[in-house]
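Analysis of the macromolecular model
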Amino acid sequence: MSEKYILVVDQGTTSSRAIIFNHNEEIIYKSQQEIECFFPHDGWVEQNALDIYASVLNVINDALLKTNLTFKDIDSLGITNQRETTIVWDKNTGMPVYNAIVWQSRQSADICAKRKVYEKLVHEKTGLLINPYFSASKIRFILDAIPNGQERAEKGELLFGTVDTWLMYKLSKGNIFKTDYTNACRSMFFNLHTFEYDDELLKLFSIPRKMLPEVYPSSYFFGTAIALDENLKIRAVAGDQQAALFGQNCFEKGECKNTYGTGCFMLMNIGEEPILSENGLITTIGCSIDEKRVYALEGSVFIGGACIQWLRDQMRMIKTASESENYAKRVKDSDGVYVVPAFVGLGAPYWDDDCRGAVFGLTRSTTKEHFIRATLNSIALQTKDVIKVMEKEANMKIKVLKVDGGATANNYLMQFQSDILKAKLILPYCLETTALGACYLAGLNSGYFKSVEEIKAIHKNKKEFKPLMKSSEIKFIDKKWKTAIKATRTFK
């Protein structure tokens with residue numbers, strides 16, 4: 001019998017990828033296609049849902065073509081996706097009725113503001129905050145924006161899904177209308193305690209239940225992707241950050257990871273009982289291979305690795321992302337410069353939608369190198385803000401942080417992160433931990449992997465970073481950073 005492989009679709013904010021894994025969690029091939037974002041107004045971020053689907057088909061076909069594999073060689077398909085990004089489509093035509101509203105977008109801020117009085121109710125039921133980050137207000141925005149939106153939704157003519165649901169619906173030719181717990185819990189109307197949609201919260205946003213997909217565990221047989229092959233089984237679905245937590249082998253309570261992608265996302269496994277944060281974190285549902293409940297604390301930094309893209313594309317200070325490390329190392333410090341990249345507001349623990357980015361400490365001696373170093377520092381400093389709150393909420397010190405994502409290739413950033421946290425950073429051998437988590441989940445459902453213990457035995461780490469900075473220097477940097485944050489939030 002020939003070797004089988006797991007195919008994973010990793011549909012992210014800036015690109016779609018198809019990754020083929022073997023049984024030793026090694027990547028056989030990775031195909032990638034960038035996705036365009038539109039910015040119609042300040043703070044708005046949208047994408048074309050049909051382009052998202054087309055890009056997924058393209059990368060899957062490319063991956064199989066380049067490896068000379070066929071669908072007969074694929075054990076199962078796993079899907080991991082950008083969360084909260086909201087798509088509404090016509091049930092009869094399968095066509096989107098509006099652009100996909102991306103998780104970063106703040107265009108539904110007014111809708112959330114009108115419901116702030118219900119913040120405690122929403123937090124107690126969902127573990128979330130009332131914020132345009134989550135899907136509910138985005139659905140409400142779309143229904144208000146299109147002709148007869150509410151009426152069509154109530155008649156059952158419109159369907160809602162995050163990217164996972166949209167992809168499965170298209171890949172199955174309309175036969176699969178499902179999601180998993182990790183995506184559903186980001187909607188702002190999924191009850192964290194009952195694991196069901198909450199009628200009171202649906203009413204709060206006037207969202208008809210008819211629009212909503214069925215919800216299942218992350219490791220589950222969702223159906224067949226007949227648009228590709230009649231035997232291709234979809235056996236895993238997970239939101240990208242929970243998938244990364246699983247891919248990092250954070251199976252035990254207290255284990256924590258940070259993904260450095262477009263944004264930064266810190267998740268800590270908190271076990272089978274939810275902790276409702278009092279300091280700006282959110283409580284979310286982790287990946288599960290059955291009906292057993294797993295919870296996580298999460299803090300989100302909206303602009304993480306996107307800072308480096310900003311330096312490259314808008315500021316034109318670098319030609320490639322990798323150059324940022326070289327420039328940062330050319331100077332001994334940031335020369336007192338602090339960059340607060342609040343381009344779409346600040347996420348956890350501040351949740352300030354109205355502030356925008358700022359730069360402090362510029363002098364005649366400031367160089368491009370100082371500016372680039374300060375921008376990289378901002379990624380680690382935002383991460384520290386979240387980690388410190390997470391430690392307080394969970395009542396434990398994080399001594400080890402497992403890291404992944406594109407920006408982990410920047411050794412300067414990783415060392416500064418280790419220094420500023422006074423914690424060891426562990427970089428896995430396979431940096432595609434989001435896709436790897438979906439691979440594990442799919443393989444556990446099909447029997448490709450026999451158990452979590454087998455996965456632990458396979459998983460390998462590549463590199464470690466240990467703190468080197470003096471405590472006095474850390475205190476000085478932290479004090480200046482807090483001043484910069486305060487000033488940024490004041491200037492509106």
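Report on the accompanying structure. (Residues numbered from 1 in each chain as written. Predicted model: local features only at pLDDT ≥ 70, side-chain atom pairs only at ≥ 80, totals over all residues. Heavy atoms only, no water.)

Describing the sheet that holds strand S3 (residues 27-34)
Across the sheet, six strands lie side by side as S3-S2-S1-S5-S14-S13; this open sheet has mixed pairing. Where the open sheet ends on each side, the last strands, each with one partner, are S3 and strand S13 (219-224). With strand direction ignored, the average angle separating the axes of adjacent strands in the sheet is 25°. Alignment of strand S2 (residues 15-21) against S3, held across seven bridges, turns out to be antiparallel. The partner of Ser16 across the bridge, within S3, is Gln33. Its contacts with the sheet put helix H9 (residues 240-247) on strand S5 (74-81) and strand S14 (233-239), and the angle it makes with S14 is roughly 100°. (Pairing = 2+ DSSP bridges. Helix = DSSP H or I, 4+ residues; strand = E, 2+ residues; numbered from the N terminus. Axes fitted to C-alpha atoms, helices over the stretch in contact; angles between N-to-C directions. Contact = heavy atoms within 4.5 Å.)

A few points about the environment of His23
Turning to its location among the elements, His23 is positioned in the loop between S2 and S3. As a C-alpha pair, His23 and Ile455 span 432 residues in sequence and 9.5 Å in three-dimensional space.

Let's talk about the side chain of Asp419
Mapping Asp419 onto the fold places it in helix H13 (residues 411-421). Arg373 provides the closest opposite charge to the buried, unpaired Asp419, separated from it by 7.7 Å. Those residues within four positions of Asp419 in sequence are excluded, and the remaining contacts are Lys466, Pro467, Leu468, Met469 and Ile474. (Buried < 20%, exposed > 50% of the residue type's maximum accessible area, 1.4 Å probe, protein only. Lys, Arg positive; Asp, Glu negative; His and termini not counted. Salt bridge = Lys/Arg side-chain N within 4 Å of Asp/Glu carboxyl O.)

Some points on the pairing of S14
The side chains of a regular strand alternate between both faces of the sheet. Counting buried residues in S14 gives six out of seven residues, a clear majority hidden from the surface. Direction of pairing for S13 relative to S14: antiparallel, over a ladder of three bridges. Within S14, the residue paired with Ser219 across the bridge is Ala236.

A short note on helix H6 (residues 163-171)
With nine of nine residues buried, H6 lies mostly within the body of the structure. Regarding H6, the residues found buried are Val163, Asp164, Thr165, Trp166, Leu167, Met168, Tyr169, Lys170 and Leu171. Immediately downstream of H6, the backbone of Lys173 shows phi near 60°, a positive value.

Considering the environment of Tyr5
Note on placement: Tyr5 falls in strand S1 (residues 5-11). Separated by 474 residues in sequence, Tyr5 and Lys479 have C-alpha atoms that sit 50 Å apart. For Tyr5, the contacting residues outside a window of four places in its chain are Ile20, Phe21, Asn22, Ile28, Leu69, Asp73, Ile74, Asp75, Ser76 and Tyr448.

Things to note about the packing of helix H10 (residues 306-313) against helix H12 (residues 368-394)
Taken N-terminus to C-terminus, the directions of H10 and H12 make an angle of 160°; their axes are 9 Å apart at the nearest point. By the criterion of interaxial angle, the relationship of H10 to H12 is roughly antiparallel. Note on packing geometry: the crossing formed by H10 with H12 is right-handed. Note on element contacts: H12 touches H10 through Phe371, Ile372, Thr375, Leu376, Ser378 and Ile379, opposite Cys307, Ile308, Trp310 and Leu311. Among the residues forming the contact of H10 with H12, the class breakdown is eight nonpolar, two polar and no charged. (Parallel < 35°, antiparallel > 145°, perpendicular 65-115°, else oblique. Left-handed = near helix turned anticlockwise from the far one by under 90°. Nonpolar A, V, L, I, M, F, W, Y, C, P; charged D, E, K, R; others polar.)

Thoughts on the pattern of salt bridges
What the rule picks out here adds up to 30 salt bridges. For the salt bridge of Lys66 with Asp62, the shortest nitrogen-to-oxygen distance reads 2.8 Å. Of this pair, Lys66 and Asp62 both sit in helix H1 (residues 49-67), four residues apart, which is roughly one turn of that helix. Its relative accessible area of 48% is what places Lys66 among the partly exposed residues. The partner of Asp90 in a salt bridge is Arg152, with the nearest N and O atoms 3.0 Å apart.

Thoughts on the pairing of strand S16 (residues 264-271)
With eight of eight residues buried, S16 lies mostly within the body of the structure. The pairing of strand S15 (residues 256-260) with S16 spans five bridges and is antiparallel. Note on S16: the bridge partner recorded for Asn258 is Met266. Here S15 hands over to S16 after three residues, the two strands then running antiparallel side by side. Where S16 meets strand S18 (residues 295-301), seven bridges bridge the pair, whose relative direction is antiparallel. Bridge pairing in S18 links Gly271 to Tyr295.

Some thoughts on H13
Taking burial as the measure, the 11 residues of H13 include 10 buried ones, the bulk of the element. Residues Tyr412, Leu413, Met414, Gln415, Phe416, Gln417, Ser418, Asp419, Ile420 and Leu421 constitute the buried set of H13. The opening residue of H13 is Asn410, an N-cap whose side-chain oxygen sits 3.2 Å from the backbone nitrogen of Tyr412. (Polar contact = N/O pair within 3.5 Å; in protein donor to acceptor, adjacent residues only side chain to side chain.)

What to know about the packing of H12 against H13
Two elements in contact, H12 and H13, have axes separated by 9 Å at closest approach and are oriented at 40°. As summarised for this structure, H12 and H13 are arranged oblique, according to the angle between their axes. Crossing angle aside, the handedness with which H12 passes H13 is right-handed. Contact residues: Arg373, Leu376, Asn377, Ile379, Ala380, Leu381, Thr383, Lys384, Ile387 and Lys388 in H12; Tyr412, Leu413, Phe416, Gln417, Ile420 and Leu421 in H13. Among the residues making up the contact of H12 with H13, the classes are represented as 10 nonpolar, three polar and three charged.

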